[in-house]
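What follows is each chain in one-letter form.
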Amino acid sequence: MTIVYAGLLLGALGLAFGGLLTFAARKFHVQVDERIEQVKECLGGANCGACGYAGCDAFAAAVVAGKAPVNGCAPAGEKGVRRISEIMGQAAPDTEKMVARVLCQGENGVAMERYAYDGYKSCAVAASLAGGPKDCRFACIGLGDCQDKCKFGAITMANGIAQIDPEKCTACGACVKACPRSVISLLPLSQNIIVRCRNSDTARAARAVCMDACIGCGRCKKECQYEAIIVENGFAHIDHEKCTRCGACAKVCPCGCITIE
Amino acid sequence: MQKLTFRRGIHPLHGAHEGKLPTRNMPIEDYVSDSVTLIMSMNIGAPAVPCVKKGDQVKVGQVIGQASGFMSVPVHASISGEVTAVEQIPYLGPAPVMAVSIKNDFSDTWVDDLKPLGNVERVDPKLVIPAIRDAGIVGMGGASFPTHVKLTFREGAYCDTIIVNGAECETHLTADHRLMIENSERIVDGLRAVMRALNVEKGVIAIEDNKPEAIAAMEKAATGREGVRVQPMVTKYPQGGEKQLIEAVTGRQVPSGGLPIDVHVVVLNVGTCAAIADAVIDGKPLISRVTTVTGCVREPKNLRLRIGTIAEDAIGKCGGFSETPGKVFFGGAMTGLCLPNISVPTAKSTNGIVAFNEKESRSKDESPCIRCGRCVAACPIGLNPYQIKVAADAGNFELARKLHVNDCILCGSCAYMCPARRWLTPSFKFAKDKLAAEAKAKAAAAKAEQKGGKAQ
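Residues numbered from 1 in each chain as written. Chains lettered and ligands numbered in written order. Predicted model: local features only at pLDDT ≥ 70, side-chain atom pairs only at ≥ 80, totals over all residues.

(A) Local environment of the sheet that holds strand β16 (residues 337–338) of chain B. All names here are of chain B. With mixed pairing, the six strands of this open sheet are ordered in space as β1-β14-β13-β17-β15-β16. Here the strands that pair on one side only, and so sit at the sheet edges, are β1 (28–31) and β16. Both strand β15 (residues 325–330) and β16 contribute to a ladder of two bridges, which runs antiparallel. Note that in β16 the partner of phenylalanine 330 across the bridge is leucine 337. (Pairing = 2+ DSSP bridges. Helix = DSSP H or I, 4+ residues; strand = E, 2+ residues; numbered from the N terminus.)

(B) Quick peek at the pairing of strand β2 (residues 155–158) of chain A. All names here are of chain A. Here four bridges tie β2 to strand β3 (residues 161–164), and the two strands are oriented antiparallel to one another. Across the sheet, the residue bridging to isoleucine 155 is isoleucine 164, located in β3. Between β2 and β3, which follow one another and run antiparallel, lie two residues, and asparagine 159 among them has a positive phi close to 55°.

(C) Summary view of helix α4 (residues 77–88) of chain A. Residue and element names in this part refer to chain A. Between its first and last C-alpha, α4 extends 16 Å over 12 residues, near the 16 Å set by a 1.5 Å rise per residue. If you check which residues of α4 are buried, you get Gly80, Val81 and Ile84. With its buried residues spanning 100° around the axis, α4 presents them on a single face. For α4, the secondary structure elements touched by its buried residues are α2 (34–42) and α3 (56–64). (Expected span 1.5 Å × (residues − 1). Buried ≥ 20, exposed ≤ 12 C-beta atoms within 10 Å, placed from the backbone. Arc of directions from axis to C-beta. Contact = placed C-beta atoms within 7 Å.)

(D) Structural context of the interface of chain A and chain B. With 13 residues of chain A in contact, the opposing surface of chain B contributes 16 residues. Residues belonging to the side of chain A that touches chain B are distributed by class as follows: seven nonpolar, four polar and two charged. (Nonpolar A, V, L, I, M, F, W, Y, C, P; charged D, E, K, R; others polar.)

(E) Representation of unusual backbone geometry within the structure. Here the bond from B:Tyr237 into B:Pro238 is cis, since omega is -10°, no more than 30 degrees from zero. Position of B:Pro238 relative to the elements: it lies in the loop between β11 (228–233) and α7 (242–250). Within the chain, A:Asn47 stands out as a residue other than glycine whose phi angle is a positive 50°. Examined against the element boundaries, A:Asn47 turns out to sit in the loop between α2 and α3.

(F) How the structure looks around the domain arrangement of chain A. All names here are of chain A. Assigned domains within chain A: domain 1 (34–88), domain 2 (97–190) and domain 3 (191–261). Domain 2 and domain 3 are separated by 20 Å when their C-alpha centres are compared. Across the boundary between the two partners, domain 2 contributes 16 residues, which contact 14 residues of domain 3. Across the side of domain 2 that touches domain 3, the residue classes break down as 11 nonpolar, three polar and two charged. (Domains from an automatic or database assignment.)

(G) Looking closely at the domain arrangement of chain B. Residues and elements named next belong to chain B. According to the domain assignment, chain B consists of domain 1 (1–31 + 114–362) and domain 2 (374–455). Each side of the interface is counted separately: domain 1 has 14 residues, and domain 2 has 14 residues. Residue composition of the side of domain 1 that touches domain 2, grouped by class: six nonpolar, six polar and two charged.

(H) The sheet that holds strand β5 (residues 63–66) of chain B, seen in detail. All names here are of chain B. Across the sheet, three strands lie side by side as β3-β5-β6; this open sheet has antiparallel pairing. Only two strands of the sheet have a single partner each, and these edge strands are β3 (49–50) and β6 (75–76). Across two bridges, the pairing between β5 and β6 is antiparallel. Residue pairing across strands places valine 63 opposite histidine 76, the latter belonging to β6.

(I) Structural view of the packing of helix α5 (residues 184–198) of chain B against helix α6 (residues 212–222) of chain B. Residue and element names in this part refer to chain B. For the pair α5 and α6, the least separation of the axes is 9 Å and the interaxial angle reads 55°. The pairing of α5 with α6 is recorded here as oblique in orientation. In this structure, the crossing between α5 and α6 has a hand that is right-handed. Taken together, the residues of α6 that come into contact with α5 (itself represented by Ser184, Glu185 and Val188) are Ala217, Met218, Lys220, Ala221 and Ala222. Class assignment for the residues of the contact of α5 with α6 results in five nonpolar, one polar and two charged. (Axes fitted to C-alpha atoms, helices over the stretch in contact; angles between N-to-C directions. Parallel < 35°, antiparallel > 145°, perpendicular 65-115°, else oblique. Left-handed = near helix turned anticlockwise from the far one by under 90°.)

(J) Examining the confidence of the model for chain B more closely. All names here are of chain B. Looking at chain B as a whole, its pLDDT mean stands at 88, while 97% of the residues score no less than 70. At the low end of the mean pLDDT range in chain B sits helix α1 (residues 13–20), at 64; at the high end sits strand β12 (residues 265–269), at 93. Among the scores for the predicted complex, ipTM is 0.75 and pTM is 0.80. (pLDDT = per-residue confidence, 0-100.)

Written out as structure tokens, the structure is:
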């Protein structure tokens, strides 16, 4: 008999508290925009922070509140931006897919070695020791600070230099911030012709430290029919809007520092 | 006499004893090389500005780099001859530094306008600190802090004890040891000059007990000198750290972020004292220093090198390498700075040139922390190195700052003791550098804002 009383008592208590919770849920309900959840589903989901917000949740809330642009999340990609725009009832802005590129070809053996570094595995630390392990002060140090920061596994280190897989890269920009030498830059994915050197020293000094250094000779500039190339600070720059991706510049470059992907 | 020491610390026995053995009985030899390269940033603070140009003839002791502000000291030609280059050269830091190269004509002619002040007991105390500044003297124990800045106190601060740092706790180095044996009078003279300049009555010369000859020599030199005494110390690392030495000798603790003067003490290295004596008595600027050249070199020696001697020349004077070197560094094994190559010149603070063979210089991979706490027991400051390491490796420098990483003196005791071979000290240095850069950026931003506000 005791077990029946106990069962009844617990059942009654359960019902009472259930009723209380239902009441509380109705009474104190907080209106949440369901679009926040929908937007969140379209994002990269890595909480990379590249958008400038605390994480994906905060960014989604900001988008719905109209404080952040719909294309603010780079990892969301083109598809994600289109869906977020649909949710927000806006026209999808024209976003070109960007990708991080390593603007250096100073592999081991190509860039001169200043000393054999055998210390703490961090580019920033190595860069502060006698100007870094490679003679070129613009070169990729190759100890993988960018790799540590990449949440998408897009960066691998090979032969003393970082390599970025454009398929996996979401252009979040974490590697750009992590690089103490500013060797990594975000470029449009369609821009397959890239000047892979940023050495602003004189031609002679640049060539003395790296076989693949841009010496600022200007042959690419002369070859370009679309005036897309300027030589400034001792190295060539390509204007992505003017460039037609013809590849003529890469063919004449005597240093092999313009590459076609 | 009772031997004093500080709390915690380590005993790098095999390093200290084996490392110091080859040179501890080697008398100081003079060495003048064919050429020198004097870097302009030989002190903490603003670098000197070169005031000679290529082709100029210079004499020994001539100013070739002028001080650029209060936190700066002049640089003097350490040999006579022709200036062959005034250019930027890569040095031990991240950025290249300005340097003046001189080719020796071996005439060793001094400048004519030296201003000797005479006996330290009779010199006008007011003239001592300007003489130290003009002689370009910096802390010669390794930190290269301008000595005249150290001796100029802010309003209200006072000093009651001057400690002469003869601990030389670093492994491999015996330069201070030999200097104390061979130039003991000069060291006491330098100390007396500073004591009179600052009106201080107590001068303590602190020497570790693994240098009994130095203790005997200094005691002999200190006899009959007013207020000067020799204090033997227990041999322990980092006894020669400024804050550790103050704690050991006076029992006072320098507060976090504070300076020795906050506890009314000034610490000077023995080399600095000898340089001060040269500057005051003879009016000679700092142009040479004793440097221990040891490790895998054929004949390890203590050399009195002219400032700016190329490391390669000094090693050549010691018979060259005895085996293939893996690493060459300035300073001892615990706090020394690695050289990118051996064509780097020495500076005023270079107390040693040590070469390690390939086996000695191979670094070991780190393994996970096993929470044994040996680093905590070793840290002379009383920090928790294992916690700071986690914060620094995760890039959480703010947490590292809260754990007082800025009080770390980078002595390497924790890393030396770590059985998991954690790379503790490099990550602390990294965290300290990052925090310093952040603080600098913040200060610059605040200054810019203030300026903007004023303009409106």
